Amino acid sequence: MTVSETDYERTVAHSDPILQMRDTTVSFGMERGESRVLDNVDMDIERNEVLGVVGESGSGKSMFASALLDAVVEPGHLRGDITYNSGDGESLDVLELSKAERKAYRWEEVSMVFQGAMSSFNPVRDIETHFVETLEAHDYDVGEGMERARQLLEDLYLDADRVLDSYPHELSGGMKQRALIALSLILEPEALVMDEPTAALDLLMQRSIISLLENLKERYDLTIVFITHDLPLVADIADRVGVLYAFEFVELGPTDEILEDAAHPYTRKLLKSTPNLESPIENMRPVEGSAPDPVNVPDGCSFHPRCPLADDQCIETDPGPYDAGEGRFVHCHHWEHAAEEIPMDEFTDLDDPGAPNRAARETTDRVGEDPVLSLDDVKVHFEKESGFLDFFEDPPAVKAVDGIDLDIYENDVVVLVGESGCGKTTLGKTAVGLQRPTGGSVEYRGDDIWDVRDGNGDGSRSWSEIRRSLQIVHQDPGSALNPHRRNNKILEAPLKRWHDDLDGNDRRQRVMSMLEHVGMTPPEDYYERYPHQLSGGEQQRVALIRAMLMNPEVILADEPVSALDVSLRVEMMDLLIELQNMFDTSYLFISHDLSNARYIAERTGGRIGVLYLGELVEIGPPEQVINDPQHPYTQALRWATPELDPAEERAEESPIREIDIPDPTNPPSGCRYHTRCPEAREVCAEQTPGSYDADTASPLHRGTCFRMVDNHEYWSSPSIVDEDEDGFGSPSDESAGTAPSDD
Ligand code: SF4
Ligand code: SF4
């Protein structure tokens, strides 16, 4: 369903709020002063709507969710009025409930789904026990309740028996999150509050869960509050969106109105900063400045230090709410001028020397070059531990990487995309010498790196030279930086080792200038800090500088922006590209997000490689891979990527037949995608496709689908897709019962 098809107009025409929040504030007393993490919020949540609540980290999203359930933990102080109006006409004053009433309210009226399914389940109890204990704790009939549990699990395309019998660690992240949604609905609540419910999941799983939520909402007559930092994600499901900034809602209205013509300067800036597949990349710019400290929120309009429209009125007077028509409310004195002052199609001139990026290099330049890194038929098969009953059989092996060829050139960028468990990280680590392949070869400038490591090379190149040339930047910089060393020690170490011509003063100058260059100013403030004294974005910058100071030729950047807020991702990717130019290096960039992949590959003239179950199923320039995908799996990733354009019609029916990725220890025969592919025919289950040239504009665009070959026997082979399958088909034994490795 697209947002334009939502029933919001019907909803507002008969306003019937299920939850009403008035003057609600959450504060914490701190030594530095009072920290207000929700500030005088008024909000009506309409019955049967999906309200999307969007905001950056630390904007008050989770506090809003906790307040709705009166679940703010000590020493937080919640005050104000929250009223719950049940479907049978009863009203509850939520902040005045007794302990027993509150327990019933939280599960039987308004239920909650948190982000981390793993921490919501007890690891030593099977899933069924969680359902049974919840039913017993609320004096529900266990037999009837478990019938409902099975139905809910089936509605979420899970094999109910299998899931109920499993322990949490035996399920993949997507299965656990769906089981948690089923658990939250077991006592038939009227409203569901979901706090970043899909943040830890892949795009395909996110999109699949969003589709399932739309079905659940209709089937169980639910009201849903969906909280996220990811505006495009919520655009697909929400009837209305509320935008939080500095602990208060600054804009609220129907989703398509906000996406088409946001009235608040912050919302417009947030939309412009969001990587997506549709807008020209020159349009995407970060939101300058940073969000305020909760102890020190600016007077007047809290956005004024970052707002290009700010004037004296904004500094002196707290704005709004102003009625912007069409059911929209905006907290901005100058909302009528926001569209004119912050146009959505304002381009950055990439030829401007001050612009953060160079113009993209032609990818076809690569043809004929000698690669820096060359992977030839690389395989990485991990043996899984076998149980007693498997004693007489070969131990099962996870084919994490299975026969991949890939060349990386000087100043090149290759972005690997795919679901968890598809082999992205294993391939990346193998490429930079952190994982020994079990088959094939990895060459650095013509030398097999493992021969050099084992002392079997010709002696012209050392292992330490190769190690220096191939660096890694991790997803979680906090764990990659030594917590006991200050920034100056962390950053001067590579200079000491690889630049012995520099003395202590030179090293200090070099580190200072790099800190300044990456926006950590004044650098003196950061020079002697420990990693824990930095934000996540700042830690990522330090990790990046450290890698660059080694003067590497290739950097494996493993999901370097996925932990950052959407609004910071463009800024970090711009920085990566700028440093790439400065240090003349190449990136093997890993992302589960096609929008980020497109941004970095398009700006650098790089390529996108799509991995599925250890195989590279498509590779090519971003323009071709995104706008003319050849492999049905790439088409599914494209479908799963949220759109920002409400006019863009999204296919309602999912282009995958199974939500869950198959068991990597036992991948399907023939084309590994055939169990999920809507185009699969008999030949796909019997024969393995080769790598074929795509009939598109680029000679670098290749894929592994029979449909790319004219006159292939595929075209006369019978379909294996059941015509009665709707959307995701049905839970199948071919789906994994095991958790794919989090790679
Ligand atoms: S009130 Fe002023 S500072 Fe605040 S968003 Fe509007 S124009 Fe910007
Ligand atoms: S080879 Fe067959 S199953 Fe594989 S992607 Fe192509 S059509 Fe689908």
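In this text the structure is predicted, and so the values were computed from the model without any measurement.

A word on the overall build of the protein chain. Along the protein chain, the regular secondary structure elements total 27 helices and 24 strands. When the 743 residues of the protein chain are sorted by exposure, 50% land in the buried category.

The next subject is the confidence of the model for the protein chain. Scored by pLDDT, the protein chain has a mean of 86; 90% of the residues are at 70 or more. In the predicted structure, residues 350-360 sits below a pLDDT of 50 and forms 17 contacts with residues beyond four places in sequence or in another chain. Low confidence marks residues 730-743, where pLDDT is under 50. Its contacts with residues over four positions away, or in another chain, come to 39 contacts.

What follows concerns the site of ligand 2. Near ligand 2 you find 13 residues, and of these C671, H674, C677, C684 and C705 are the closest. Across the shell around ligand 2, the residue classes break down as nine nonpolar, two polar and two charged.

Looking now at the sheet that holds strand 6 (residues 110-113). Spatial strand order, 6-7-8-3-9-10-12-11: eight strands in an open sheet with mixed pairing. Each edge of the open sheet carries a strand with a single partner, namely strand 6 and strand 11 (322-325). Strand-to-strand twist across the sheet, computed as the mean angle between neighbouring axes with direction ignored, equals 20°. In terms of strand pairing, strand 11 meets strand 12 (residues 328-330) through three bridges, oriented antiparallel. Paired with D323 across the two strands is F329, which belongs to strand 12.

What follows is about the environment of G60. Positionally, G60 belongs in the loop between strand 3 (50-54) and helix 2 (61-68). Remark: the alpha-carbon pair of G60 and A246, spanning 186 residues in sequence, is separated by 7.0 Å. G60 has contacts with V37, L38, G55, L244 and F247, leaving out every residue within four places of it along the chain.

Within strand 8 (residues 223-228), six of the six residues are buried, leaving the element largely enclosed by the surrounding structure. Neither face of strand 8 is open: one carries T223, V225 and I227, the other I224, F226 and T228, and all of them are buried. For strand 3 and strand 8, the ladder comprises five bridges, and the chain directions are parallel. From the neighbouring strand, L51 faces strand 8, where its bridge partner is V225. Across five bridges, the pairing between strand 7 (residues 191-195) and strand 8 is parallel. Bridging across to strand 8, D195 finds its partner in I227. Read as a crossover between parallel neighbours, the route from strand 7 over helix 9 (residues 203-220) to strand 8 is right-handed.

With that out of the way, let us pick up helix 20 (residues 504-517). Here helix 20 is 14 residues long and its end C-alpha atoms lie 20 Å apart, about the 20 Å a rise of 1.5 Å per residue gives. What helix 20 keeps buried is the set V511, M514 and L515. Taken down its axis, helix 20 places every buried residue within 100° of arc, on the same side. Pointing more than 90 degrees away from the buried face of helix 20 are the exposed residues N505, D506, Q509 and S513. Buried residues along helix 20 sit in contact with helix 19 (487-498), helix 21 (523-527) and helix 22 (536-548). Directly after helix 20, the chain includes G519, whose backbone phi takes a positive value near 90°.

So, about the packing of helix 9 against helix 26 (residues 632-640). Close contact between helix 9 and helix 26 brings their axes to 8 Å; oriented N to C, the two are set at 55°. In terms of axis orientation, helix 9 runs oblique to helix 26. Between helix 9 and helix 26 the crossing geometry is left-handed. On helix 26, the residues that touch L203, L204, Q206 and R207 of helix 9 are A636, L637, W639 and A640.

Turning our attention to the sheet that holds strand 4 (residues 77-85). Here we have four strands laid out as an open sheet, ordered 2-1-4-5, and antiparallel in their pairing. Among the strands making up the open sheet, the edge pair consists of strand 2 (33-46) and strand 5 (91-93). Shown here is a sheet whose adjacent strand axes are inclined to one another by a mean of 5°, direction ignored. Taken together, the 10 bridges between strand 1 (residues 17-30) and strand 2 define a ladder with antiparallel strand orientation. In the strand pairing of strand 2, T24 is matched with V41. Helix-sheet contacts for helix 2 involve strand 1, strand 2 and strand 4, and the interaxial angle to strand 2 is about 65°.

Quick look at unusual backbone geometry now. In this structure, P75 follows E74 across a cis peptide bond, with omega equal to 5°. Along the chain, P75 falls in the loop between helix 2 and strand 4. A cis geometry characterises the amide bond from T521 onward to P522, with omega recorded as -10°. The backbone of E188 shows a phi angle near 55°, a positive value even though the residue is not glycine. Mapped onto the fold, E188 is located in the loop between helix 8 (173-184) and strand 7.

Rules behind the numbers
Residues numbered from 1 in each chain as written. Chains lettered and ligands numbered in written order. Predicted model: local features only at pLDDT ≥ 70, side-chain atom pairs only at ≥ 80, totals over all residues. Helix = DSSP H or I, 4+ residues; strand = E, 2+ residues; numbered from the N terminus. Buried ≥ 20, exposed ≤ 12 C-beta atoms within 10 Å, placed from the backbone. pLDDT = per-residue confidence, 0-100. Contact = placed C-beta atoms within 7 Å. Near = placed C-beta within 6 Å. Nonpolar A, V, L, I, M, F, W, Y, C, P; charged D, E, K, R; others polar. Pairing = 2+ DSSP bridges. Axes fitted to C-alpha atoms, helices over the stretch in contact; angles between N-to-C directions. Right-handed = clockwise from strand over helix to strand, strands pointing away. Expected span 1.5 Å × (residues − 1). Arc of directions from axis to C-beta. Parallel < 35°, antiparallel > 145°, perpendicular 65-115°, else oblique. Left-handed = near helix turned anticlockwise from the far one by under 90°.

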